[in-house]
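Structural characterization, general
Now for the letters of each chain:
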Amino acid sequence: MLTLTPKFDLHRDVVADILRKEASVCRVNEYSGAVDTHILNIERDGGILFSWKGATGTTRIGKYDPNTKQNKLLYTFDKQVCVSSCSLNKEETLLAVSLAQNTRGAERLKPISKCLTLLIEIHPISNTKVLKAVDCRVKVQFLNSETDRRSVLESHLLLLTEDGYVDLYHVMLTRQEGYRVVMANAERLSKTAERIAEEFCWVQWDGHTQRLYYLTHHAAHTQDKFLMRCVQFYFNHNCETVLELPLELPANPFHTVKFVNLGFDHYHLERPEKELVRMEVFTNRIGSMCVCYSQPLKDKQELVYTMVFVHKDCSKTFRVSLGSDPSPQKATQLHPLFIPIGYYILVYLQGYFLHCINTRQQEMLCHSLFLSGPDADLDLQGQSADVSVLHAEEESCSSLLDLASGRIHTAELSPDYLLQMLRSDAPSRCPSSKTDPQRLAALHCLLVYMGNDPNLELKIIEWLCDNVNAFESFDQIQEFILASLYRISYEKSLGLDKVLPYSSVFDKKEIPACLSEVSGVSCTTELHNEAVFKGKARSPQGFWSELQCNTETTKYLDAAPKPRYRTSHIQADWDKLRTERRPSSHMNHMEENTKKILSMVDTWCLDKKLVPLFQEEDHQQRALIGLTVDKLREHLNRNLPRLGKKRIDSLVVSYVAKLLELVRHMLESVWLKCKLGPRVLCLTQQGSPAEWSVFHFMFRILEATRGLCLPLPPGYNTLLAVFAVRCLPHHTFLQYIDHGVLHLTETFVSRLMTDLDNSDANERLKFSILKRLPEPMEQRIYHMWDHPVSSASISRDYVRTLLEKHNKNKGFAFTGRDKPGFRPEFLPLTYLAKILSDIEEQALNPFEEQENVDARFVEETALKQTLILLGFEEK
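The structure contained in this document is the topic of the report that follows. (Residues numbered from 1 in each chain as written. Predicted model: local features only at pLDDT ≥ 70, side-chain atom pairs only at ≥ 80, totals over all residues. Heavy atoms only, no water.)

Topic: the sheet that holds strand S7 (residues 94-100)
Taking strand neighbours across the sheet as the criterion, the four strands line up as S6-S7-S8-S9 in an open arrangement whose pairing is antiparallel. If you trace the sheet from one side to the other, it starts and ends with strand S6 (83-88) and strand S9 (125-134), each paired once. In this sheet, adjacent strand axes meet at a mean angle of 15 degrees when their direction is disregarded. Note: strand S8 (residues 115-122) against S9, seven bridges, orientation antiparallel. Paired with Leu119 across the bridge in S9 is Lys129. (Pairing = 2+ DSSP bridges. Helix = DSSP H or I, 4+ residues; strand = E, 2+ residues; numbered from the N terminus. Axes fitted to C-alpha atoms, helices over the stretch in contact; angles between N-to-C directions.)

Below you can see the structure in the form of structure tokens.
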């Protein structure tokens, strides 16, 4: 599931270098080939701080630079000490350390504190200042702003204590003798301390975003109601509380203050069995925040973990049954690991399960991947209890630190593993059941999260071609289209998650049970998490304003009726538009929309002419393209007005153009896969098995798009009809037409008439097609077919046109040729009979009221009037 790439190895990158340097000064014998080395902290720039016991009874602190792959000695203590916390300022002039004091043995008789916190000048090494001497653990962490001004002579240090408070020290520096950097206010440091937080039981530092999260009791509620606050530090080192989030947790969730992402204390014995909660916060720069916490195993049978999606204004609680008899090896890990990768959060309990939670599309369980048993193994080298998740600046991956081995790996989702889940010939380590929810979740992860890779997209299209028939619970081609279209816009705004369609599942009248309930995991949802934004979170730009905007948008859309655009909802408008026969202002508007789309596609496809699309006028598809643009634009303007009309118009045009380009890309890929050439467009040859496969694939695309009422590129219907007439028997081909599966375009019919000879079978086919054409197209097609029947039809139309034109001045119009009682074979006689019939119907009968009528007189009068009207006699 994860691809683990080695990034750092303490023994390879540090210990080997230490041994090599000690050997150069003839001290290697004293080391006996081993160095007691510990990782202490990882700073924002990726630098790794470590300590080791020197050969002469000293303790040294160094830094490994991942960019230069070099180690640097920072400071040496003249005796062996226990470094429990360490941090280096950005300019590498100050080193802050917390030392765990030895209070056992003879030392216990001395009046010393358990923790000593020092601030040391190291550029060059000179003065040392004691900041704290207390009987509780103290964590140190320098702030690290993004400014590149290395000449700034100030540093800012956080001190976080186990007593539950955080102080911020402002250290002013001065330069002496041109190079020495020393503290200018060493004696007044304690007076510069600023209290940032207090009375907390849990605290987390995020160095990449310079944020501090801490958990405290909610003053207005009972003891199981907690309040999580976030303090944001800015580039000028000012700070303020920007978020307050109420949380419901068990009473006394931590037996002592819990520090997260604040270095590694090798002298403090963690007791996870005493912790009722493991909690972490993850953010994404687009404006999302997830608070994750788990509760311990209850009788080793069920694990409960909760995700608070601040940006979605909801929380979800998951329950996973672990079985009644877990093995002793599995029972060592009491809490799962939370691993953020992009907008996915992996919940991993070694030996039991792996839950890859989609924080963007969290409404349904089927869009998150759940694996259990052997399939959930991440191939971690050691026990996951020894693994720490490092918050990486690159959001597409995470870093995993195995403290026991001193190795750091980058962890990324594996596209190969997900592809194996889709394919029927997957290896045994992939889920044997191949359930639809797992396939759907894997497909969405590949298409949306990883879909920018053209090679990966090609592999997915090949899989679609090899698995053409729809799955039982979802249509994979519909999913491919909607998820790929969603990908082009999902990075622009989180609000689009609830407005744009990303799955065909929502278009189903009834969602299949296997998609609404995933085996092995259950979920309950609570809406409205009551997040309160404060301070500069209200500013018009930045992460906090984006998060607040996303939260408010979600609340608005949750209250709005049907906020998600469903393509199938335009079916009624489309049926109405197809009945319009005359051009109208509405039709002209649709055509303008279509022109925008096709002009954009033309600029994309200048060198892509392999498949003959976009090369003809297809009035039906052009109208549907224009209607889709109009309805999608209208929906976005109604539900996301804050995006602005200009931005929405650009988004809609790109969206629909991408749809047409996506269909072309699918056809081009399968075209190349089957090695088709220009000969496939020849109607006189029978289709090959490869062409039949392409026809089947095209038919499935047609079926999928019709189910969603989506347009196709102009020329698609023509190309599909060409494949159909080559691959299907004639009677089956005609049935496809009668059932509305195939749409006869004028381009296809004209080619059929000219390319096929007039053999008996072909004549029957041509006559059958002509009977199925609307009359205007039928008349145009007759001019392209060299056949006696077409010549007769052309002659009849020509004579009729002449007679109609000649007699317009005499007040008669030839209104029809099909009236019962007249045969149209001889047009002059038919015309005469028509005139007499019309006169007979229009003339008033003066003898209608009389009982005795002179029949002879009536006949002579009628004949006389007829001759006069025809111009053979004068009145």
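What follows continues from the structure just given.
What to know about the nonpolar core
Ranked by size, the top nonpolar core spans 142 residues in total, and within it Leu413, Tyr716, Phe733 and Phe748 carry the most contacts. Filtering out sequence-adjacent residues up to four positions away, Phe748 remains in contact with Leu683, Thr718, Ala721, Val722, Val725 and Phe733. Core analysis: the second largest hydrophobic core is formed by 27 residues, Cys230, Phe254, Met289 and Val291 among them. (Core = buried A, V, L, I, M, F, W, Y, C linked by side-chain atoms within 4.5 Å. Buried < 20%, exposed > 50% of the residue type's maximum accessible area, 1.4 Å probe, protein only. Contact = heavy atoms within 4.5 Å.)

Some words on the side chain of Ser414
Of note, Ser414 is situated in the loop between strand S30 (407-413) and helix H4 (415-422). On the basis of relative accessible area, Ser414 is assigned to the buried category, the value being 11%. Polar side-chain contacts of Ser414 include one of 3.2 Å to the backbone nitrogen of Tyr417. (Polar contact = N/O pair within 3.5 Å; in protein donor to acceptor, adjacent residues only side chain to side chain.)

What about the sheet that holds strand S3 (residues 48-53)?
The strand order across the open sheet built from four strands is S2-S3-S4-S5, with neighbouring strands paired in antiparallel fashion. The strands lining the two open edges of the sheet, one partner per strand, are strand S2 (37-42) and strand S5 (70-77). Direction aside, the axes of adjacent strands within the sheet are offset by 25 degrees on average.

Examining the pattern of salt bridges
Side-chain pairs of opposite charge can arise where the charged atoms are in close proximity. All told, the structure shown has 38 salt bridges when counted by the stated rule. Among the salt bridges present, the one from Asp466 reaches Lys673, with a minimum N-O distance of 3.4 Å. With Asp466 in helix H6 (residues 454-466) and Lys673 in helix H13 (residues 645-673), this pair connects stretches of sequence that are 207 residues apart. Look at Lys673 and you get partly exposed, because its relative accessible area is 38%. We note a salt bridge from Arg700 to Glu703, for which the minimum N-O separation is 2.9 Å. Remark: Glu703 and Arg700 occur in helix H14 (residues 689-708); sequence separation between them is three residues, near one turn of the helix. You can call Arg700 buried: its relative accessible area is 4%. Here the salt bridges do not stand alone but share partners, grouping Asp45, Lys63, Lys72 and Glu92 into one network. (Salt bridge = Lys/Arg side-chain N within 4 Å of Asp/Glu carboxyl O.)

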